[in-house]
Amino acid sequence: QVQLVESGGGLVQPGGSLRLSCAASGFIFSIYTMGWYRQAPGKQRELVARITSSGNTNYAGSVRGRFTISRDNAKNTVYLQMNSLKPEDTAVYYCNANRWNGPGSEYNYWGQGTQVTVSS
């Protein structure tokens, strides 16, 4: 079955760094767009960063220049390097796998989430 397992979250001081990992299994990882989303208390889930099967990336404006998404297809893993963290980055971070094969044929999977807390 499909599994997305996030790790690397935790408590960090403002200005610090964390690296999130998402280990995938149960599907053909290399052909999926992989993304990181986050949800803060009382807010909607939002896209943080996304990387396509060909390696193209896009970022939310609030994290561009601070966060970097990457993938290792040999390890079926996607990463999110987070630098210069701010208290407003505090949220549960979710890994997402998406594949759109045409109308009515979309595959979308979510991990269980990992908590990131930025606080002094």
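Look up a bit, the structure's there.
Residues numbered from 1 in each chain as written. Predicted model: local features only at pLDDT ≥ 70, side-chain atom pairs only at ≥ 80, totals over all residues. Heavy atoms only, no water.

Some details on the overall build of the chain
Okay, step 1: When its secondary structure is counted, the chain shows 0 helices and 11 strands.
Okay, step 2: Over its C-alpha atoms the chain spans a radius of gyration of 14 Å, differing by no more than 12% from the 14 Å that the globule rule assigns to 120 residues.
Okay, step 3: Viewed in the frame of its principal axes, the chain has a C-alpha envelope of about 45 × 30 × 25 Å.
Okay, step 4: Within the span of the chain, comprising 120 residues, buried residues form 39% of the whole.
Okay, step 5: The long-range share in the chain, meaning contacts at least 24 apart out of those at least 6 apart in sequence, stands at 53%.
Okay, step 6: About 6,300 Å² of surface is accessible on the chain, with carbon and sulfur atoms providing 46% of the total.
Okay, step 7: Each charge class in the chain was averaged separately, 11 positive and 6 negative side chains, and the resulting centres sit 3 Å apart. (Helix = DSSP H or I, 4+ residues; strand = E, 2+ residues; numbered from the N terminus. Rg over C-alpha atoms; globule rule 2.2 N^0.38 Å. Buried < 20%, exposed > 50% of the residue type's maximum accessible area, 1.4 Å probe, protein only. Contact = heavy atoms within 4.5 Å. Areas by Shrake-Rupley, 256 points an atom, 1.4 Å probe, with all protein chains shown as cover. Lys, Arg positive; Asp, Glu negative; His and termini not counted. Charge placed at Lys NZ, Arg CZ, Asp CG, Glu CD.)

Quick look at the pairing of strand β4 (residues 33-39)
Okay, step 1: The buried fraction of β4 amounts to 5 of the 7 residues, a majority that puts the element mostly inside the structure.
Okay, step 2: Sheet topology note: the β4/strand β9 (residues 91-102) ladder contains 7 bridges and is antiparallel. Counted as the bridge partner of W36 is C95 from β9.
Okay, step 3: As defined by bridge partners, β4 adjoins strand β5 (residues 46-51) across 5 bridges and the pair is classed as antiparallel. Bridged to R38 within β5 is E46. (Pairing = 2+ DSSP bridges.)

In short, geometric facts, not functional conclusions.
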